[in-house]
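Overview (structure and organization)
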Amino acid sequence: MSETLAIGARETLAIEAHGLTRHFGDVVAVDHVDLAIPRARIHGFLGPNGSGKTTTIRMLCGLLTPSSGDARVLGHRVPAEAESLRLEIGYMTQRFSLYDDLTIRENLDFVAEVHSLARADRRERVEALLAEYRLAPRASQRAGTLSGGQRQRLALAASLVHRPQLLFLDEPTSAVDPQSRREFWESLFRLVDQGTTILVSTHYMDEAERCHGLSILHEGTLVAHGTPRELTAAIEATVLEIEAEEVRAARAALDGLPEVLSVAQLGTRLHALVDLDARDPEALLRDALAAAGIAAQVERARPSLEDVFVAATRGRTT
Amino acid sequence: MRASLGRILAIVHKEVLQLLRDRLTFGMVIGIPLMQTVLFGYAINQDIRHLRAAVADQSGSQRARWLVADAEASQVVDVVAHVPTAEALEDLLRRGTVSVGIFVPEDFERRAAQGGRSAAQLLIDGSDPIVLQAARSLAELPLRDSGRAPPRAVPGAPAFELRPFYNPERRSAVQIVPGIIGVILTMTMTLFTAVAIVRERERGNLELLITTPVKTPELMVGKIVPYMGIGLIQQTLVLAVGSLLFRVPIRGTLFDLYLAGFVFVVATLGLGLLISTAVQTQFQAFQLTFTSFLPQILLSGFMFPFDGMPRPAQWIAEVFPLTHFVRILRGILLRGATLGEVSRDLWPLLAFFVVTMGLSVLRFRKRLD
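Residues numbered from 1 in each chain as written. Chains lettered and ligands numbered in written order. Predicted model: local features only at pLDDT ≥ 70, side-chain atom pairs only at ≥ 80, totals over all residues.

A separate point is the overall build of chain B. For chain B, the helix and strand inventory stands at 15 helices and five strands. Judged by the C-alpha coordinates and their principal axes, chain B covers about 85 × 55 × 40 Å. Per-residue burial over chain B gives 42% buried out of 369 residues. When contacts within chain B are restricted to residue pairs at least 6 apart in sequence, long-range pairs at least 24 apart make up 78% of them. (Helix = DSSP H or I, 4+ residues; strand = E, 2+ residues; numbered from the N terminus. Buried ≥ 20, exposed ≤ 12 C-beta atoms within 10 Å, placed from the backbone. Contact = placed C-beta atoms within 7 Å.)

Okay, the packing of helix α4 (residues 104-114) of chain A against helix α6 (residues 148-160) of chain A next. Residue and element names in this part refer to chain A. Two elements in contact, α4 and α6, have axes whose closest approach is 9 Å; the angle formed by their N-to-C orientations is 20°. In terms of orientation, α4 lies roughly parallel with respect to α6. The interaxial crossing formed by α4 with α6 has right-handed handedness. Between α4 and α6, the residues in contact are Ile104, Asn107, Leu108 and Val111 and Leu154, Ala157 and Ala158, respectively. When grouped by side-chain class, the residues that make up the contact of α4 with α6 number six nonpolar, one polar and no charged. (Axes fitted to C-alpha atoms, helices over the stretch in contact; angles between N-to-C directions. Parallel < 35°, antiparallel > 145°, perpendicular 65-115°, else oblique. Left-handed = near helix turned anticlockwise from the far one by under 90°. Nonpolar A, V, L, I, M, F, W, Y, C, P; charged D, E, K, R; others polar.)

This brings us to the nonpolar core. Counting 93 residues, the largest nonpolar core has Leu60, Leu108, Ala157, Phe168, Ile242 and Ala272 of chain A as its most contacted members. Those residues within four positions of Ala272 of chain A in sequence are excluded, and the remaining contacts are Leu240, Ile242, Leu254, Val260, Val263 and Leu285 of chain A. (Core = buried A, V, L, I, M, F, W, Y, C linked by C-beta atoms within 7 Å.)

The subject of this paragraph is the confidence of the model for chain B. For chain B, mean pLDDT is 85; residues scoring 70 or higher make up 94% of the total. Prediction confidence for the complex, expressed as pTM and ipTM, is 0.79 and 0.78 respectively. (pLDDT = per-residue confidence, 0-100.)

Another aspect to go through is the pairing of strand β10 (residues 221-226) of chain A. Residues and elements named next belong to chain A. Relative to β10, strand β9 (residues 213-218) runs antiparallel, the two being bridged by five bridges. Residue His218 lies in a different strand from β10, and its bridge partner there is Thr221. Where β9 folds back on β10, the antiparallel hairpin that results is connected by two residues, among which Glu219 adopts a positive phi of roughly 50°. (Pairing = 2+ DSSP bridges.)

A few words on the sheet that holds strand β5 (residues 76-78) of chain A. Residues and elements named next belong to chain A. The sheet built from four strands is open, its strands ordered β2-β1-β4-β5 with antiparallel pairing. For this open sheet the edge positions go to β2 (27-38) and β5, each flanked by a neighbour on one side alone. Between one strand and the next, the sheet's axes are offset by a mean angle of 20°, whatever the strand orientation. Judged from the five bridges that link them, strand β1 (residues 13-24) and strand β4 (residues 68-73) form a sheet pairing that is antiparallel. Following the sheet pairing, His18 is matched in β4 by Asp70. The strands that helix α2 (residues 53-61) touches are β1, β2, β4 and β5; relative to β1, the one it contacts most, it runs at about 120°.

Further remarks concern the confidence of the model for chain A. Any region with low pLDDT has predicted coordinates that should not be read closely. When pLDDT is averaged along chain A, the result is 89; 95% of the residues meet or exceed 70. Taken together, the stretch residues 1-7 of chain A has pLDDT below 50 and engages in zero contacts with residues farther than four places along the chain or on a different chain.

Residue and element names in this part refer to chain A. Spatial ordering of the open sheet is given by β12-β13-β11-β14, a layout of four strands whose pairing is antiparallel. On the outer flanks of this sheet lie β12 (260-266) and β14 (296-300), each paired with one strand and no other. Averaged over all pairs of adjacent strands, the angle between their axes in this sheet comes to 25°, without regard to strand direction. Strand direction decides the pairing type here: β12 and strand β13 (residues 269-274), joined by six bridges, are antiparallel. Paired with Gln265 across the strands is Leu270, a residue of β13. Sitting on the sheet, helix α10 (residues 247-255) touches β11 (238-244), β12, β13 and β14, and the angle it makes with β12 is about 170°.

What follows deals with helix α8 (residues 196-203) of chain B. The set of residues buried in α8 of chain B consists of Ala196, Ile197, Val198 and Glu200 of chain B. On its buried face, α8 of chain B is in contact with α7 (172-194), α9 (205-209), α10 (216-245), α11 (254-278) and α12 (282-299) of chain B.

Residues and elements named next belong to chain A. On the secondary structure map, Leu231 appears in helix α9 (residues 228-233). For Leu231, a count of 23 C-beta atoms within 10 Å puts it in the buried group. Separated by 76 residues in the primary sequence, Leu231 and Asp307 place their C-alpha atoms 9.9 Å from one another. Excluding residues within four positions of it along the chain, Leu231 makes contact with Leu214, Ala224, Gly226, Leu305 and Val308.

Residue placement: Leu368 of chain B occurs in the segment after α15 (346-363). Apart from residues lying up to four places away in sequence, Leu368 of chain B is in contact with Arg58, Leu63 and Leu64 of chain A.

Moving on, we get to the packing of α4 of chain A against helix α5 (residues 119-132) of chain A. Two quantities define a packed helix pair, namely the angle between the axes and the distance from one axis to the other. Residue and element names in this part refer to chain A. The interhelical angle for the contact between α4 and α5, taken along N-to-C directions, is 135°, at an axis separation of 10 Å. One element, α4, and the other, α5, form an angle in the oblique class. Between α4 and α5 lies a crossing whose hand is right-handed. Contact residues: α4 offers Arg105, Leu108, Asp109, Ala112 and Glu113, while α5 offers Arg122, Arg125, Val126 and Leu129.

Now for unusual backbone geometry. All names here are of chain A. Cis geometry is found at the peptide bond from Val78 to Pro79, where omega equals 0°. Looking at where Pro79 falls in the secondary structure, it is placed in the loop between β5 and α3 (82-85). Backbone geometry at His32 places phi at a positive 45°, although glycine is not the residue there. Positionally, His32 belongs in strand β2.

Below, the discussion takes up α5 of chain A. In a regular helix each residue adds 1.5 Å, so 14 residues correspond to 20 Å; α5 of chain A covers 20 Å between its end C-alpha atoms and thus fits that length. Looking at the packing, one finds that the buried side of α5 of chain A touches α4 and α6 of chain A. (Expected span 1.5 Å × (residues − 1).)

So, about the environment of His76 of chain A. Residue and element names in this part refer to chain A. The topology assignment puts His76 in strand β5. The class of His76 is partly exposed, set by 19 C-beta atoms lying within 10 Å. Separated by 62 residues in the primary sequence, His76 and Ala14 place their C-alpha atoms 9.9 Å from one another.

Here it is, written out as structure tokens:
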């Protein structure tokens, strides 16, 4: 009974990892990361540069050998079965990795040929992708002359040529304007509807917000995971919003309080994360501000993902 | 003024720091002068000794044996073979096994006694100018009357009549152009493939390639195939110019020539590929290619005669594809040799390709770690 249940669970998981670790010399880039990512979902890796997002993705693709730990991707052990896994995954690298001196169509043709698509299928597939990602009008333009958004669509199309079940996207929107980003995410959701699993790394909160599941990485460790809603619900701090005339002075007044975990400025407002143990956090802040002679309004706020991120990564820096 | 000096020093300081960190360039700062000096010292040796020679003595006379012994004693030649006929001598010359043939005819004694004309013949491979020059000193050898030293010159004609083969007019173009085919192919082929893999790495394309199902040997073979065609085009160009402009003869068959050229091109592509897997940037690939190019030019026998080099230099030279190809080219173009007759130099080329290609495949990882 429990046996069949375990197998059933395994089949619904696209990625499973236990204690995934990678050293580069003395530096621990990824430190005992556990993952369980279900199929047909968009899962986000959220973290700043150097938090181990790319290294983790590369280990899951079989491009890097883990120093310890093990991972199963679409049922294949990596890196041992990386070659067979390659047929089933697409990988869009952080840096544009298609050929600048080939045209859009030539790039897609090349990828299709390398993946051994039959000739008829190849033509059909490339045409379909050109249409889907609005590249058809520029099909004979060289990739090196494309805009950031066009390159990104080409890179996505190229990673989809062989109809992968699982797509790795490493900071796909870093060189792209907001309009293109929105369209990009819409195409990701269409893919998920067709059953594709997507793992996307980002350092944008608004993108993280769109993911079904999130893993927050900080200095190589997994500091929080869950759906965006779960994460904001489970935040280990009270979030207070402070509105004041002299924002910077208000900030200075709050920064020193032992109960205040962090203060971030958002224009004319402040977001303060206060320790859950503080009995009356509003009063605490009001008193502190009044003592500093600052007129301010203090209200409870709904935690944002950014608050979650700050709360999760705070105190682990040192 | 002071500020300007400060800025100059800042740039000097930065430059030195970068230079010290670029291990390859720093190595070349030390390595190239050392290598060049040693190689030039080895290679440039106009005082040729120990040319490989074969003897066909049909007279069986004592005086002929003395003559051959004197020739050997001069250290200009080393007799490596004895054959029965003049045809067999010519065969060895054509194959490139020897560069000097000593032919002593049946009527050697009579000719020697008569005087007035040379008693024996020196058959010389004229495709190498310096060999010709060295052999000329042999022609001046006196004939002996007895086996006891010192030899006493018998008055009359010199002992040997000189018969330079393959380039009787002694035109330098005939000697240089065949080698140039090899030199040009070496330089361009190695360079093209040396940047092949590393260019993908530099431009970020490698990350895409290694996530595709392409296998390492497939990638390597796919990389070199286009250049095989380019190599044959280049060979054709140099050959056409050499033949039309400099009247370099093509005495062997074109088929043999192109087949040998193909094997050579493949060998140099292997070297380029190996360089490409060893370096991190295209610039390093350039540096390493030129570093490998220098000893090949100097030691291959293209510029300086192979026989004049000391043994260690010859051993090194035997590794280089260019050494073998220069011999093959001179054999096929000038001496009309067949591929079978120069096969001695064909196998090392194939072996070189297999080794460099194998190492390239082993060195290249479809991983990033």
